[in-house]
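Read off the chains here:
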Amino acid sequence: MPFWLSIACLSVFQGVLVALPIRPRWAQLGRLRAGAWAFVLPASIVAFVVIARAAESASAQGLTYLALVAVPPLAALALGALSRGARPRRALFAGALFALAWADRGGYAGNAAATLLSGLSCVALGSLLGAITPARWLAAGIVAMALADTALVVSDLLQAPNDALNAARPAAGLPRLQSASFGSALMGYGDLFVAAVLGGLLAARGEAQLPAAIVTATLALAFDLLFFFVHELPATVPVALALGVIELSRRRRSAVAPAAAHGARLPGGPGRARPAGDPRARPARRSPAP
């Protein structure tokens, strides 16, 4: 599959991940609510680079097995409870996806199954983070993650750890779930994670996610055009830009709504019509004085 089509599929998948998270109705999550959870986003990138540069092969191999252990259960949780249309029995599909990713490793179907597993695990994490993190803090975390990602890519500090992580493979031909590989394109786990976190933020605020998903996919596809000039891009940036577009649109609606409501209350304005038989609908007349 050519690179342009491969990366386009992954960019669209980022948009899909924005639409999938939901707001969990678990009362226990309220006890964990704190703004500090937002630091998970930028810290995940910085910590990965620091640890990976210290021991590239060892840390990459460790993250490979961590993903192998953590991703399937999280994907099952998303399918069973933490995504749109989730049903408990659908959690079994995570096992089927894992089997396909293992049986067809290196093939299109196997890569697609592994990428879907990784993305669904991000949906579970995004739903949970959206529920336990205040919206403003989580939005700041998304922006901070994009800034950190951009700085590391521009300074070329992310290239070596990424290469080591992408080259790491678990034993026995088990699927690689630490990143998203489809066709001839690669996207980091954090790039999927940040998209799902945006969806979790919107779900927690009760806002429409489908328009945001379309905006994210569109910006990601436009951002991919830069691959004509460079070989590596921070795929967290389109998600942060989509957040900016969403916030601007939200503020514009908030500014227009009070003005519209005030106009509806003005005397004689729209919505002040009276029945034809109402004497107040016409001016009173007096008989001429004798």
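Computed from a predicted model, the values in this text were never measured in an experiment.

## Section: the overall build of the protein
Check the secondary structure of the protein and you find 10 helices and two strands. Reading the secondary structure of the protein in the N-to-C direction produces α-α-α-α-α-α-α-β-β-α-α-α. Looking at the protein as a whole, 43% of its 290 residues qualify as buried. Restricting the contact set of the protein to residue pairs at least 6 apart, pairs at least 24 apart contribute 79%. Accessible surface, the protein as shown: approximately 15500 Å² in total, 67% of it carbon and sulfur.

## A look at the packing of helix α5 (residues 108-132) against helix α8 (residues 189-205)
At a minimum axis distance of 7 Å, the contact between α5 and α8 shows a crossing angle of 40°. As summarised for this structure, α5 and α8 are arranged oblique, according to the angle between their axes. With respect to the hand of their crossing, α5 and α8 are arranged in right-handed fashion. Here S118, G119, S121, C122, V123, L125, G126, S127, L129 and G130 of α5 come into contact with α8, specifically with Y189, L192, F193, A196, V197, G200, L201 and A204.

## A word on the pattern of salt bridges
Under the counting rule described, the total for this entry stands at four salt bridges. Across the pair R205 and E247 runs a salt bridge, and its minimum N-O distance is 2.8 Å. Taken together, the residues R205 in helix α8 and E247 in helix α10 (residues 237-264) connect sequence positions 42 residues apart. Through salt bridges with shared partners, a single ionic network connects R205, E207, E247 and R250.

## Side note on the packing of aromatic side chains
Tallied over the entire structure, the rule returns four aromatic pairs. Pairing Y108 with F182 gives two aromatic rings, centres 6.4 Å apart and planes at 55°, and the pair type is tilted. Of this pair, Y108 sits in helix α5 while F182 sits in strand β1 (residues 179-182); the two residues are 74 residues apart in sequence, bridging distant segments of the chain. Judged by relative accessible area, Y108 falls into the partly exposed class, the value being 46%. Of the residues examined, F182 reaches a relative accessible area of 15% and is grouped as buried.

## Considering helix α1 (residues 3-19)
With 17 residues, α1 ought to run about 24 Å at 1.5 Å a step, and its terminal C-alpha atoms sit 25 Å apart, in line with that. Every buried residue belonging to α1 is among S6, I7, A8, L10, S11, F13, Q14, G15, L17, V18 and A19, and all of these are buried.

## Re the confidence of the model for the protein
Looking at the protein as a whole, its pLDDT mean stands at 86, while 86% of the residues score no less than 70. Here helix α2 (residues 40-54) is the element of the protein with the lowest mean pLDDT, 78, and helix α9 (residues 210-223) is the one with the highest, 97. Long-range and interchain partners of residues 268-290, a stretch whose pLDDT sits below 50, account for eight contacts in this model, where long-range means more than four residues apart.

Rules used in this analysis
For every chain, the first residue of the written sequence is number 1, and numbering continues from 1 onward in sequence order. Given that this is a predicted model, residues contribute local features only at a pLDDT of at least 70 and side-chain atom pairs are listed and counted only at 80 or more, while totals for whole chains, interfaces and linings are drawn from all residues. Each side-chain value is derived from all of the structure's non-hydrogen atoms; neither hydrogens nor water enter the calculation. In DSSP terms, a helix is any run of H or I states spanning at least four residues, a strand is any run of E spanning at least two, and both are numbered starting from the N terminus. Each residue is assigned to one of three classes by its accessible area relative to the maximum for its type, calculated with a 1.4 Å probe on protein chains only: buried under 20%, partly exposed between the two thresholds, exposed over 50%. Any pair of residues with heavy atoms lying within 4.5 Å of one another is described as a contacting pair. Working definition of accessibility: Shrake-Rupley area with a 1.4 Å probe, residue cover restricted to the visible protein chains. For helices, the fitted axis covers only the stretch in contact; all axes are lines through C-alpha atoms, and the angles between them, taken along N-to-C directions, range from 0 to 180 degrees. Roughly parallel means an angle under 35 degrees; roughly antiparallel means over 145; roughly perpendicular covers 65 to 115; every other angle is labelled oblique. Handedness of each helix crossing follows the sense of rotation of the near helix against the far helix: counterclockwise by less than a right angle gives left-handed, clockwise gives right-handed. Salt bridges are counted wherever a side-chain nitrogen of Lys or Arg sits within 4 Å of a carboxyl oxygen of Asp or Glu. Whether two aromatic rings pair depends on their centres lying within 6.5 Å, for rings of Phe, Tyr and Trp, where Trp uses its six-membered ring; planes under 30 degrees apart make the pair stacked, over 60 edge-to-face, and the rest tilted. For a helix, the expected span equals 1.5 Å multiplied by the number of residues minus one. Confidence scores per residue from the predictor, reported as pLDDT, run from 0 to 100.

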